[in-house]
Amino acid sequence: MSGLLAGKRLLVTGVITDASIAFSVAKLAQENGAQVVLTGYGRLSLVERIAKRLPEPAPVIELDVSNAEHLAGLADKVREHVDGLDGVVHSIGFAPQSCLGGGFLDAPWEDVATALHVSTYSYKSLAMAALPLMSAGGAVVGLTFDATKAWPVYDWMGVAKAGLESASRYLALHLGKRGIRSNLVAAGPLRTIAAKSIPGFEQFEDAWAEHAPLGWNLTDQEPAARACLALLSDWFPATTGEIVHVDGGYHAIGA
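Residues numbered from 1 in each chain as written. Predicted model: local features only at pLDDT ≥ 70, side-chain atom pairs only at ≥ 80, totals over all residues. Heavy atoms only, no water.

For the record, the criterion: UniProt positions are given in the numbering used here, feature names are shortened, and annotations may be inferred rather than shown by experiment.
The protein has the name Enoyl-[acyl-carrier-protein] reductase [NADH] in an unreviewed UniProt entry, where Micromonospora olivasterospora is given as its organism. On record in UniProt, under Catalytic activity (unreviewed entry), the comment for the protein is "a 2,3-saturated acyl-[ACP] + NAD(+) = a (2E)-enoyl-[ACP] + NADH + H(+)".

Given below as structure tokens:
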């Protein structure tokens with residue numbers, strides 16, 4: 001077995017279609033020597049069909065990150081397929097429609113609470129559920145969208161991502177003593193299922209296409225996936241609490 005992740009055992013969440021970043025992560029991980037276990041929520045049969053499109057069909061575990069019973073049983077379900085984990089990929093986010101598209105001032109707390117639970121708190125929840133399977137050298141990697149700015153139409157999901165970025169730093173603090181790293185990849189806008197659910201998302205597309213110094217391909221998930229693989233590998237042994245921007249350089253300019 002050879003490759004950047006040779007011998008690694010990974011849990012990858014958030015595979016919905018083969019256009020998702022998580023699918024690209026799983027595909028590249030297998031191509032680089034890793035064993036991959038997927039999680040799915042809702043239409044599990046759909047995730048199982050998508051899993052068969054990987055180089056090696058991957059097992060799929062049902063996981064609702066807001067369900068305490070699912071989280072409590074995660075480690076045992078993963079052990080049915082691998083004897084431990086070297087990395088976990090958090091590619092999970094959800095906000096009710098009221099929280100997006102310009103509804104920031106009107107979204108009710110119940111909907112905001114859902115967004116924060118699924119998109120922010122779940123990062124810690126997932127890491128803790130997987131912790132019994134992990135040892136020193138392991139890594140947790142999540143996906144964010146630059147939360148240092150207030151973006152049009154992103155609204156409460158932007159707040160949730162800001163919380164996610166802070167949660168990753170605190171996870172880095174508390175898991176560092178166990179030798180486990182926590183890092184995020186801040187990808188530019190991509191035409192995923194999640195993006196299509198955001199009213200006015202084309203505003204992001206236009207801005208990136210016009211201003212990103214390196215240019216930006218809205219349908220290419222591989223650059224973000226490659227960054228995730230690098231952070232899961234042994235090539236960043238002393239990096240934690242970091243956010244790696246994979247956005248064509250857009251974040252660095254004054255556009």
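Next, the rest of the story.
## Digging into helix α1 (residues 21-31)
Given 3.6 residues to a turn, an α-helix orients residues that are three or four positions apart in the same direction. Quick note on the threshold: A simple rule labels every residue: compare its accessible area, found with a 1.4 Å probe on the protein chains alone, to the largest value its type can have, and call it buried under 20%, exposed over 50%, or partly exposed in between. Comment: elements are numbered from the N terminus, with helices defined as DSSP H or I runs of at least four residues and strands as E runs of at least two.
A large share of α1 lies buried, amounting to nine of its eleven residues. Trailing α1 by a residue or two, Gly 33 shows a phi angle of about 95°, which is positive.

## Quick word on the UniProt feature "binding site: substrate" (unreviewed entry) in the protein
Rules: In this analysis, two residues are considered to be in contact whenever any of their non-hydrogen atoms come within 4.5 Å of each other.
Within the UniProt annotation, "binding site: substrate" (unreviewed entry) is assigned to Ala 95. Mapping Ala 95 onto the fold places it in the loop between β4 (87-90) and α4 (109-130). The exposure class assigned to Ala 95 is buried, which follows from its relative accessible area of 8%. The residues touching Ala 95, leaving out its near neighbours within four places in the chain, are Leu 100, Ala 115 and Met 157.

## Examining the packing of helix α3 (residues 68-79) against α4
Two packed helices can be described by the angle between their axes and the distance between those axes. What counts is decided by this rule: Axes, fitted as lines to C-alpha atoms, cover a helix only where it is in contact. Angles between the N-to-C directions of the axes lie from 0 to 180 degrees. Put simply, a crossing is left-handed when the front helix is turned counterclockwise from the back one by less than a right angle, and right-handed when it is turned clockwise. The classification used treats Ala, Val, Leu, Ile, Met, Phe, Trp, Tyr, Cys and Pro as nonpolar, Asp, Glu, Lys and Arg as charged, and all other residues, Gly among them, as polar.
Closest axis-to-axis distance for the α3/α4 pair is 8 Å, and the angle between their directions is 35°. Taken as a pair, α3 and α4 cross one another with a handedness that is right-handed. Taken together, the residues of α4 that come into contact with α3 (itself represented by Leu 71, Leu 74 and Ala 75) are Ser 125, Leu 126 and Ala 129. Taken together, the residues of the contact of α3 with α4 sort by class into five nonpolar, one polar and no charged.

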